[in-house]
Amino acid sequence: MANPEIESELDGIDRLSVCLYRLGLSLAALLLLCRGVSLLIGQDILAHGTWLTALMVGSGLCGFYLHIYDKRVRFLLQGFAWGGLMLAASGAPDPLVLGAALATLSGLAFKEQFCFAIPGIRLLPMLLPLLWLLEGLRLGWAAALVALVSGLLLILLSLAKWRMPLHFDIGDRSRYQL
């Protein structure tokens, strides 16, 4: 988690990792919106497998480039991200891959609400598991609404993150647990 009042000097890798984290959030947000629209119109905008893999890549980028002080939380969220990508690569059932992607994004949204207090983000850790459940129950209309709301909230988070200086994501380097 970042301390915005502390401005650490950033090198090229720091800047790249913050931008990739933010890119992952943006990609995941757009893909959730895409899924919501697909479910509403009853036709895939992206093939389901492509959508799911892209969502896993977006959440994986966030997990890989996560800047958070607590190593246990970082380990857990990165574990969901790596695990989800390994599940996707091995052809695991879609609900497992979706669960890993949404668990990663839920954890990141939970973290971001403490770091930056962006309105509405507190709902995401509840909405994303609900989306997983609704997808599993094949309740398309309800899953569409939850995907759309979740995507819009992630868009708000992404926009807020892109407007922030990059050093906000890094914070105080001395507080990171290794």
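Here's what I pulled together on the structure shown here. (Residues numbered from 1 in each chain as written. Predicted model: local features only at pLDDT ≥ 70, side-chain atom pairs only at ≥ 80, totals over all residues. Heavy atoms only, no water.)

### Brief notes about empty space enclosed by the protein
If a probe the size of a water molecule is rolled over the atoms, the empty space left behind becomes visible.
Move 1: Summed over all chains, the structure comprises one cavity of 30 Å³ or more.
Move 2: Here the largest cavity is characterised by a volume of approximately 30 Å³.
Move 3: Surrounding the largest cavity, Arg35, Ser38, Asp44, Leu46, His48 and Trp51 form its lining.
Move 4: Residue assignment for the lining of the largest cavity shows that the elements contributing at least two residues are α1 (12-41) and α2 (48-64).
Move 5: Residue composition of the lining of the largest cavity, grouped by class: two nonpolar, two polar and two charged. (1 Å grid on protein atoms, 1.4 Å probe; cavity = no way out; pocket = protein on both sides within 12 Å on 5 of 7 lines; lining within 4 Å. Points joined across faces, edges and corners; volume = space filled by probe spheres on them. Helix = DSSP H or I, 4+ residues; strand = E, 2+ residues; numbered from the N terminus. Nonpolar A, V, L, I, M, F, W, Y, C, P; charged D, E, K, R; others polar.)

### What about α1?
Since the α-helix advances by 3.6 residues per turn, residues separated by three or four positions end up pointing in the same direction.
Move 1: Helix length check: α1 (30 residues) gives 43 Å between terminal C-alpha atoms against 44 Å at 1.5 Å per residue, within 8%.
Move 2: Here α1 starts with a cap whose side-chain oxygen sits 3.1 Å from the backbone nitrogen of Ile13, and that cap is Asp11.
Move 3: After α1 finishes, the residue Gly42 shows a positive phi value of roughly 75°. (Expected span 1.5 Å × (residues − 1). Polar contact = N/O pair within 3.5 Å; in protein donor to acceptor, adjacent residues only side chain to side chain.)

### Topic: a nonpolar patch on the surface
Move 1: A cluster of nonpolar side chains, namely Val37, Leu40, Ile41, Ile45, Leu46, Leu130, Trp132, Leu133, Leu137, Leu139, Trp141 and Leu145, defines an oily patch on the protein surface of about 1,100 Å² accessible area.
Move 2: Of all the elements in the fold, those that place two or more residues in the nonpolar patch are α1, α5 (124-136) and α6 (140-163).
Move 3: Its place among the elements puts Leu133 in helix α5. (Patch = residues over 30% accessible without salt bridge, like charges linked within 9 Å, V, L, I, M, F, W, Y side chains within 5 Å. Areas by Shrake-Rupley, 256 points an atom, 1.4 Å probe, with all protein chains shown as cover. Salt bridge = Lys/Arg side-chain N within 4 Å of Asp/Glu carboxyl O.)

### Comments concerning the packing of α1 against α6
Move 1: Between α1 and α6, whose axes approach to 7 Å, the crossing angle comes to 155°. One finds that α1 runs roughly antiparallel with respect to α6. As for the relative orientation of α1 and α6, their crossing is left-handed in sense.
Move 2: Looking at the contact of α1 with α6 residue by residue, the classes come out as 21 nonpolar, six polar and two charged. (Axes fitted to C-alpha atoms, helices over the stretch in contact; angles between N-to-C directions. Parallel < 35°, antiparallel > 145°, perpendicular 65-115°, else oblique. Left-handed = near helix turned anticlockwise from the far one by under 90°.)

### Re the pattern of salt bridges
Move 1: By the definition in use, this model includes five salt bridges.
Move 2: The salt bridge partner of Glu112 is Lys161, with a shortest N-O separation of 3.3 Å. Pair noted here: Glu112 is in helix α4 (residues 94-116) and Lys161 is in helix α6, with a separation of 49 residues, a long-range link.
Move 3: Taking relative accessible area as the criterion, Glu112 reaches 0% and is therefore assigned buried.
Move 4: Each member of the salt-bridge network shares a partner with another, and the members are Arg35, Asp44 and Glu135. (Buried < 20%, exposed > 50% of the residue type's maximum accessible area, 1.4 Å probe, protein only.)

### Considering unusual backbone geometry
Move 1: At Arg138, a position not held by glycine, the phi torsion is positive, near 60°.
Move 2: With respect to the helices and strands, the residue Arg138 is situated in the loop between α5 and α6.
Move 3: Since its relative accessible area comes to 75%, Arg138 is described here as exposed.

### Considering the packing of aromatic side chains
Move 1: According to the stated counting rule, one finds two aromatic pairs in the structure shown.
Move 2: For the ring pair Phe64 and Trp82, a centre distance of 4.5 Å and an interplane angle of 45° mean the geometry is tilted. Taken together, the residues span a long stretch of sequence, with Phe64 in helix α2 and Trp82 in helix α3 (residues 71-89) at a distance of 18 residues.
Move 3: Its relative accessible area of 26% is what places Phe64 among the partly exposed residues.
Move 4: Relative to Phe114, the ring of Phe110 lies with its centre 4.9 Å away and its plane at 80°, an arrangement referred to as edge-to-face. One end of the pair is Phe110 and the other is Phe114, both in helix α4 and four residues apart, which spans about a single turn.
Move 5: A relative accessible area of 43% places Phe110 in the partly exposed class.
Move 6: Directly above the ring of Trp51 sits Arg35, whose terminal nitrogen or CZ lies 5.2 Å from the centroid. (Phe/Tyr/Trp six-rings, centres within 6.5 Å; stacked < 30°, edge-to-face > 60°. Lys NZ or Arg CZ within 6 Å of the ring centre and 35° of its normal.)

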